[in-house]
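# Structure assessment
This is what each chain is made of:
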Amino acid sequence: MTQTTEPVVSADQTEKLSTAPEPVVGMPGRGPLRIALRMWRQLTSMRTALLLLALLALAAIPGTVIPQRGLDPVKVDNFLARHPHLGPLMDHLSLFDVFAAPWFAAIYLLLFISLVGCLVPRIRLHAAALRRRPPNAPRHLLRMPASTQWRADAPPEEVAGRTRELLRRAHWRADVRPESGGSLTVAAEKGYLRETGNLVFHIALVVLLVGIALSGLYGYKGTVLVTQGGGFANAREAYDVFAPSRLFSDSQLSPFSFTMQRFNASYDSSNGEPLNFNAYLRYKTSPTAAAKPYDIRVNHPLDVDGAKVFLVGHGYSLLIKVTNKAGQTVYDQATPFLPDDSNFSSHGVVKVPVLGNGQLGLTGFFYPTAGASPFGGITSIFPAAQRPVLSLAAWSGNLGLDSGVPQSVYSLPVANLKNIGVTQLSPGHSWHLKDGATVTFLGVQQWATFQVAHEPGKRTVLVGAVLIIAGLLGSLRVRRRRFWLRAVPAAADDPDRRTVVTAAGLARSDAEGFADELEELASQLGRRTAAQRQSRPASGAEGI
Amino acid sequence: MSPDLHLAHISDVLLTWAVFAYAFAMFGYAAEFAAGRRVAARGGGTAVVERGSRRTDNVGRAAVVLSVAGWCFHLSSVLTRGFAVHRVPWGNMYEFSCMVTLVAVSIFLLLLGQQPIRRVAAIATRRPARHHMGWKARESVRYLGAFVMAPVVLYLGLAGTVLYAAPGPLVPALNSYWIKIHVVAAITATGAFMVSGVVTILYLLKERYERGQVPLRLTLTTRLRSPMRPQRVSLGPGTAAAVEMTSARGGLMRALPAAANLDRLAYRIITFAFPIWTFAIIAGAIWAEQAWSRYWGWDPKETWSFITWLGYAAYLHARATAGWRGRRAATLSLIAFGCLMVDYYVVNTVITGLHSYAGVS
Ligand code: HEM
């Protein structure tokens, strides 16, 4: 559009080597179109990009100061309870979900629209620049920020030819051009990779966003609790919690399955700090595939068919058996208890639907290593199951198991129930209730919770991230620079008949190290002309 | 394995030595700078700190020797700590601070060593004698010494007292080879940003001084004939800070390189650090994906790293935008550095998140 068809641009002292697009002056069109165009230009300007970057940074701050649902829902509920007036208002403004808030999305979407709008013309300009030859040498080379002059014995053609050869070998784009009066100039440019890198970087940001969007639209995430010896098959119903994305369909669930053979947790014996958790699995990629072993631990998830299985938590399941008056077994299950503290004091419930004339409920507290609590009573003093004690309370009445209302398996509302006794059991011991039922605490097993996550855009995100780094290195570490050399034939009154050579260079934004490079170049050129001199023994002194 | 307490103690002692060496080096640099400033004031205020007398030059050299000695103690302290705890020595805030300052001093020493290194390299490769050219040689960055050592000593002081963590093992979540990749990148970038922050502050002061130079020079000549006490002269907006730093003997500001050079140096360090910071964030995301099953969760630490990143990206854009170059861009980079400090101090100690590995109670 704005560029001319002329292959060579003139580089006068004023020209900067910026790769930023020129501000466009003069706007075509009129009326609404003109306004729309102006708004578009405004949006795709560097200034807007700057503003939006700052705005995005600013908008992220509340998300780190105000409790966030995604990170700590309990904290949000507490906050809401404490601020009955302010809370709902803040909720309305999505301040508890900042990173999913419409206004947050608006900022980054604007930023990306701006980015794309500014990338397209820049890609075109750069493509043209890649084809263009280096600009002509300015008239007054010695006025350039970096310049030097020396005399050479070789005629201008040789000096220019050798210079071009040297430059091209060092990957400069170099041309030799004749000037009036028999002098020759070499025009050279290097560092196109800078703008290429810059474009790659900005494009990579878009790639990254596309990857994130893919995961957000097609992925799924779920958690499941598995007790030692138990298994899991990847189906929606098998999860305890399942969070599909907007465009998810069940066919995306890959048909893997696993069983947890064993779970092992080890702790520092002095302070109970966790050292290691390992879940030993055997998994199959499909129902017909052969089972393979895998050991999932922190920082070591299982990767099956694009889904990743992470170990996210663990605790104790208690083997509890209940028999009725007639000696029939009415309950015999590994019952997961939920941990309440870092020493795995846990709580859980057992609900027995039929026990002769009513329903039986048990609420329990479990202490893997029972010890005296500083507050009286008992508590767990170590996370491993070294001295397990199960403390139980039994309740009779209508548990509401057949009321149709969904119930938590970890709690039992006891308000309408009758307490029929409390006790403490260690493994292998039984408790005989008054109505003839018997509760036996058979033993302790470990459970683990796994999170299964499938993020189809993850690869794309990774590619984007790698390109971001590569692009940045090009954009920030490569310098765009120009070099000119003019070889003027010896003046008539020069008794030595030596060519006057002037060289100059110009570097963009970061001139650091450029002086050294020019010096190196010039000294190599000097050396070459010196070598030239040796092949002509008749000539005079060296020009360095 | 339990930590080797004897070795850990040696590490602590070495760190104390490093702090003392740095502190003395700081005074040396400051003395040389003050002397250089006098010369600069007499010599018409060129950008470079001119060599004062041989004596002050020797003070400067001694400061360099002290910095190198301090750096050796510092490095040994970090290494012995690593051996004492049988793991990488950057698992809590104390160790992290030691590493960041080690990087900052290393970068300063590298900048300082660039010229001598080049000279040696030139001799080694037997390059031909230098041309006499129009372009001028690199300036020495010795003037930076006092300004780099001051925050380093402060940081280390804080690390050794408030943030000190007894030697111990890593928490399981940190126990991964990613701690080598992600944290080293974060540390390197942080150290570099720290140096660039120092240079940027100097730039802002010098820039202010250059803008207000005309009135300031007036006071410099009529300057209140020699009392050693600092003088406060009010000259209207813009020059107040510069004047405040003006002592009786000459413009501190005049001894600093030209604002444009400081700006370029700050930019150069940021272009070094920014890709590394970017890499640190990406490596962190990959690690988080393995440890916590998601690569990005807007955890406060992640968010502040991202804010810092945006801040420096804004600085880079500002530098390329007419009307935002110079002072405003520099301010942005300082704000970005402030975000980095929030990320480091506030997030680790005040805001709780998954990254609560500070080891500070
Ligand atoms: C997603 C947000 C963005 C980030 C993180 C970002 C980051 C960067 C970085 C790190 C640079 C390198 C600076 C340098 O070469 O000195 C840069 C350069 C540049 N950016 Fe962006 N950018 C973003 C969005 C944009 C947008 C929306 C635009 C267009 C309006 C834009 C236009 C430019 C231009 C023109 C340059 C080159 C400046 C020059 O070479 O002089 N950027 N950007």
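Residues numbered from 1 in each chain as written. Chains lettered and ligands numbered in written order. Predicted model: local features only at pLDDT ≥ 70, side-chain atom pairs only at ≥ 80, totals over all residues. Heavy atoms only, no water.

All names here are of chain A. Positionally, Val-349 belongs in strand β14 (residues 346-355). The exposure class of Val-349 is buried, given its relative accessible area of 7%. As for Val-349 and Val-98, which are separated by 251 residues in sequence, their C-alpha atoms are 37 Å apart. When neighbours within four sequence positions are excluded, Val-349 is seen to be in contact with Thr-335, Phe-337, Leu-362, Thr-363, Val-409, Tyr-410, Ser-411 and Leu-412. (Helix = DSSP H or I, 4+ residues; strand = E, 2+ residues; numbered from the N terminus. Buried < 20%, exposed > 50% of the residue type's maximum accessible area, 1.4 Å probe, protein only. Contact = heavy atoms within 4.5 Å.)

A word on the coordination of the iron atom of the ligand. Looking at the iron atom of the ligand, the protein donor atoms are A:His202 (NE2) and B:His317 (NE2), and they sit 1.9 Å from it. Coordination geometry of the iron atom of the ligand: the six donor atoms subtend angles of 86 to 179° at the metal centre, consistent with an arrangement described as octahedral. With A:His202 in helix α8 (residues 193-218) and B:His317 in helix α10 (residues 300-319), this residue pair bridges two chains. Residue class for A:His202 comes out buried when judged on its relative accessible area of 9%. (Donors = N, O, S within 2.8 Å, 3.2 Å for Na, K, Ca; no water. Tetrahedral: all angles 85-135°; square planar, octahedral: opposite > 155°, others 65-115°.)

As a further point, take the sheet that holds strand β23 (residues 499-507) of chain A. Residues and elements named next belong to chain A. The antiparallel open sheet is built from five strands, whose spatial order is β1-β23-β22-β3-β2. Since the sheet does not close on itself, it has two edges, and those belong to β1 (146-152) and β2 (173-178), each with one partner. Ignoring strand direction, the axes of neighbouring strands in this sheet form an average angle of 15°. Here eight bridges tie strand β22 (residues 481-488) to β23, and the two strands are oriented antiparallel to one another. In the sheet register, Arg-482 faces β23, and the bridge partner there is Leu-506. (Pairing = 2+ DSSP bridges. Axes fitted to C-alpha atoms, helices over the stretch in contact; angles between N-to-C directions.)

On to the pairing of β1(A). Residues and elements named next belong to chain A. Counted residue by residue, β1 has five buried out of seven residues, so it is predominantly covered. Across seven bridges, β1 lies against β23 in antiparallel orientation. Paired with Arg-151 across the strands is Val-500, a residue of β23.

How big an interface is tends to be stated in terms of accessible area lost as the parts join. With 60 residues of chain A at the interface, the matching set in chain B holds 57 residues. For the pair chain A and chain B, the summed buried area comes to about 5,100 Å², and 65% of that belongs to carbon and sulfur atoms. A per-residue breakdown of the area chain A buries against chain B is headed by A:Leu50, A:Thr64 and A:Asn299, which together make up 13% of the total. Where chain A meets chain B, there are two salt bridges. A:Lys458 is the partner of B:Glu289 in a salt bridge, and the nearest nitrogen-oxygen pair spans 2.8 Å. (Buried area = accessible area lost by both parts, 1.4 Å probe. Salt bridge = Lys/Arg side-chain N within 4 Å of Asp/Glu carboxyl O.)

Within this structure, the stated rule accounts for 21 salt bridges over all chains. Among the salt bridges present, the one from A:Glu195 reaches A:Arg122, with a minimum N-O distance of 3.4 Å. Residue A:Glu195 is found in helix α8, and its partner A:Arg122 is found in helix α6 (residues 102-131); the two are separated by 73 residues along the sequence. Among the salt bridges present, the one from B:Asp263 reaches B:Arg319, with a minimum N-O distance of 3.0 Å. With B:Asp263 in helix α9 (residues 259-292) and B:Arg319 in helix α10, this residue pair connects regions lying 56 residues apart in the sequence. What you see here is one network of salt bridges that share partners, running through A:Arg133, A:Arg168, A:Asp175 and A:Arg177.

This part is about the packing of helix α9 (residues 458-477) of chain A against α9(B). Remark: α9(A) packs on α9(B), axes separated minimally by 10 Å, with the N-to-C direction vectors making an angle of 170°. The angle between α9(A) and α9(B) falls in the class roughly antiparallel. Taking contact as the criterion, the partners of A:Lys458, A:Leu462, A:Ala465, A:Ile468, A:Ile469, A:Leu472, A:Leu473, A:Leu476 and A:Arg477 in α9(A) are, on α9(B), B:Tyr267, B:Arg268, B:Thr271, B:Phe272, B:Phe274, B:Pro275, B:Thr278, B:Phe279, B:Ile282, B:Ile286 and B:Glu289. The class makeup of the residues in the contact of α9(A) with α9(B) is 14 nonpolar, two polar and four charged. (Parallel < 35°, antiparallel > 145°, perpendicular 65-115°, else oblique. Nonpolar A, V, L, I, M, F, W, Y, C, P; charged D, E, K, R; others polar.)

What follows deals with helix α4 (residues 145-161) of chain B. Over its 17 residues, α4(B) runs 24 Å from end to end, which matches the ideal 24 Å to within 8%, given 1.5 Å per residue. Along α4(B), the residues classified as buried are B:Gly145, B:Ala146, B:Val148, B:Met149, B:Val152, B:Val153, B:Tyr155, B:Leu156 and B:Ala159. (Expected span 1.5 Å × (residues − 1).)

Quick look at the packing of aromatic side chains now. All names here are of chain A. Within this structure, the stated rule accounts for 36 aromatic pairs over all chains. A centroid spacing of 6.3 Å and a plane angle of 55° characterise the contact between Phe-232 and Phe-256, whose relative ring orientation is tilted. Taken together, the residues Phe-232 in strand β5 (residues 231-233) and Phe-256 in the loop between β6 (241-244) and β7 (257-267) connect sequence positions 24 residues apart. The burial state of Phe-232 is the same as that of Phe-256; both residues are buried. (Phe/Tyr/Trp six-rings, centres within 6.5 Å; stacked < 30°, edge-to-face > 60°.)

So, about the environment of B:Ile107. Mapped onto the fold, B:Ile107 is located in helix α3 (residues 93-124). As a C-alpha pair, B:Ile107 and B:Ala8 span 99 residues in sequence and 26 Å in three-dimensional space.

It is worth spelling out the nonpolar core at this point. Grouped together as the largest cluster of nonpolar side chains are 131 residues, with contacts concentrated most on B:Tyr29, B:Phe108, B:Leu144, B:Phe193 and B:Trp309. Of the residues forming this core, the biggest block, 18 residues, is contributed by helix α5 (residues 178-211) of chain B. Not counting chain neighbours up to four residues away, the residues in contact with B:Leu144 comprise B:Phe108, B:Val198, B:Val199, B:Leu202 and B:Leu265. By size, the runner-up hydrophobic cluster in this structure holds 51 residues, among which are A:Leu253, A:Phe258, A:Met260 and A:Leu302. (Core = buried A, V, L, I, M, F, W, Y, C linked by side-chain atoms within 4.5 Å.)

This paragraph deals with the side chain of B:His74. All names here are of chain B. Position of His-74 among the secondary structure elements: in helix α2 (residues 54-85). For His-74, the side chain forms a polar contact with the side chain of Thr-101, separated by 3.5 Å. Not counting residues up to four positions away in its chain, the partners in contact with His-74 are Leu-15, Ala-18, Tyr-22, Cys-98, Thr-101, Leu-102 and Leu-156. (Polar contact = N/O pair within 3.5 Å; in protein donor to acceptor, adjacent residues only side chain to side chain.)

Our focus in this paragraph is the domain arrangement of chain A. Residues and elements named next belong to chain A. If you check the domain split of chain A, you get domain 1 (1-15 + 140-191 + 479-544), domain 2 (44-132), domain 3 (213-314 + 451-467) and domain 4 (318-447). For domain 3 versus domain 4, the separation of C-alpha centres amounts to 30 Å. On the domain 4 side, the residues contacting the 13 residues of domain 3 number 11 residues. Summed over both sides, the interface of domain 3 with domain 4 buries roughly 1,100 Å², with 65% coming from carbon and sulfur. Area buried by domain 3 at its contact with domain 4 is led by Leu-225, Tyr-267 and His-314, which between them contribute 50% of it. Taken together, the connections running from domain 3 to domain 4 amount to zero salt bridges. Taken together, the connections running from domain 3 to domain 4 amount to one residue pair in polar contact (both at pLDDT 80 or more). Going through the elements one at a time, β4 (220-227), β7 and β11 (307-323) are the ones with two or more residues in the side of domain 3 that touches domain 4. Residue contributions to the side of domain 3 that touches domain 4 peak at four residues, all from β7. (Domains from an automatic or database assignment.)

Moving on, we come to a nonpolar patch on the surface. All names here are of chain A. On the surface, Val-210, Leu-214, Leu-217, Tyr-218 and Leu-247 cluster together into a nonpolar patch covering about 380 Å² of accessible area. As for its position among the elements, Leu-217 is in helix α8. We classify Leu-217 as partly exposed; its relative accessible area is 31%. (Patch = residues over 30% accessible without salt bridge, like charges linked within 9 Å, V, L, I, M, F, W, Y side chains within 5 Å. Areas by Shrake-Rupley, 256 points an atom, 1.4 Å probe, with all protein chains shown as cover.)

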